[in-house]
Amino acid sequence: LDDTLCLFFALELCLRILAIGPRFFLYFTSWCSIASLAATIQSLDPKTRASYFNPHGAWDEHHYWKMVYHEMIVPIRLLRLFCIDEYLNSLPILKNICSLTWTRLMRSGYAFGVIWLWHATLLHLLNKDDPTDGVSPVTASNPLLFGRTQGERFGNLQTAFQYSIVHLIGDFPVREYGWLSKIVLVVGTFMGLAVVAAFTG
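First things first, this report covers the structure right here in the doc. Every chain is numbered on its own, with residues counted from 1 as its sequence reads. Reporting in this predicted model follows two pLDDT cut-offs: at least 70 for local features of residues, and 80 or more for side-chain atom pairs to be given and counted; totals over whole chains, interfaces and linings ignore these cut-offs and use all residues. Just so you know, side-chain values use all the structure's heavy atoms and leave hydrogens and water out.

## Focus on helix α9 (residues 157-168)
Three- or four-residue spacings in an α-helix give side chains the same orientation, since the helix completes a turn every 3.6 residues.
No. 1: Numbered from the N terminus, helices here are DSSP runs of H or I no shorter than four residues, and strands are runs of E no shorter than two. Helix span, as expected, comes to 1.5 Å for every residue beyond the first. Given a rise of 1.5 Å per residue, 12 residues ought to cover 16 Å, and the 15 Å separating the end C-alpha atoms of α9 matches this to within 8%.
No. 2: Residues of α9 that are buried include every one of T159, A160, Y163, S164, H167 and L168, and no others. All buried residues of α9 lie within an arc of 165 degrees about the axis, which places them on one face of the element.
No. 3: For the purposes of these results, a polar contact is taken to be a pair of N or O atoms within 3.5 Å, where, inside protein, one atom must be able to donate a hydrogen and its partner to accept one; residues adjacent in sequence count only when each atom of the pair is a side-chain atom. The N-cap of α9, judged by a side-chain oxygen 3.1 Å from the amide nitrogen of Q158 a few residues on, is N156.
No. 4: Downstream of α9 by one or two residues, G170 has phi in the positive range, about 85 degrees. Three exposure classes are used, based on accessible area relative to the maximum for each residue type with a 1.4 Å probe and protein chains only: buried under 20%, partly exposed in between, and exposed over 50%. Here the arc refers to the directions that run from the helix axis out to each C-beta atom.

Structure, rendered in structure tokens:
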């Protein structure tokens, strides 16, 4: 499916460049389309595909930028969502919303950032040395998890932020965590849902 979609997007990109000409490169959505297509092509290689979609293992400080690159492939692929604006013209609407409510967005965004930092930091401190997998047996059977331990998930703030944001919206099992972590997760879920709701409107 990825191969077919990649060919379709490449053909669409070529046709749009031919139709619009040099002006094509003046638009934000055009560069999103180019970056998304490049990331999609990069992720087609079967030898490295798994590492792009499921980066795993302990954080290796000697290959920091390589790991960052691997973890950015999927978000860059998702830039194609901005290209929907070419058909629905949604960005001007979002611009008007932001210009009218920017002070409220700033306040709620700041609150969300503080809670996210607090939540991720506490989970990092409480789980960085935990050798258990931290998930239920059913969840652990999912091959996408690769048997990561809690110490690998929360071994540093970079990875802790990724799992923290999932917990803040009430997702992911909590019953296999330690008692202190469970308290942080329950409190964080209530605070996270309230702040996310305020930020999104």
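## A word on the nonpolar core
No. 1: Ranked by size, the top nonpolar core spans eight residues in total: A120, L123, F154, A160, Y163, Y177, V184 and L185.
No. 2: At the level of secondary structure, the elements contributing two or more residues to this core comprise α6 (91-127), α9 and α10 (179-200).
No. 3: Other than its neighbours up to four places away in sequence, F154 contacts L123, H124, N127, K128, T159, A160, Y163, H167 and Y177.
No. 4: Nonpolar cores are built from buried Ala, Val, Leu, Ile, Met, Phe, Trp, Tyr and Cys residues. Side-chain atoms within 4.5 Å join them into one set. By size, the runner-up hydrophobic cluster in this structure holds five residues, among which are C6, F9, L13 and F24. Note on definitions: a residue-residue contact is assigned when non-hydrogen atoms from the two residues lie within 4.5 Å.

## Some details on a nonpolar patch on the surface
No. 1: The grouping of W118, L125, L126, L180, I183, V187 and M191 at the surface amounts to a nonpolar patch, some 610 Å² of accessible area in total.
No. 2: Secondary-structure elements contributing two or more residues to the nonpolar patch are α6 and α10.
No. 3: At four residues, α10 tops the list of elements feeding residues into the nonpolar patch.
No. 4: Given a relative accessible area of 34%, L126 falls into the partly exposed group. Each patch is built from salt-bridge-free residues with over 30% relative accessible area, joining like charges within 9 Å and nonpolar side chains (Val, Leu, Ile, Met, Phe, Trp, Tyr) within 5 Å. Accessible areas in this description were obtained via Shrake-Rupley with a 1.4 Å probe; residue shielding takes into account the shown protein chains only. Just to be clear on terms, a salt bridge is a Lys or Arg side-chain nitrogen sitting within 4 Å of an Asp or Glu carboxyl oxygen.

None of this, on its own, says anything about what the molecule does.
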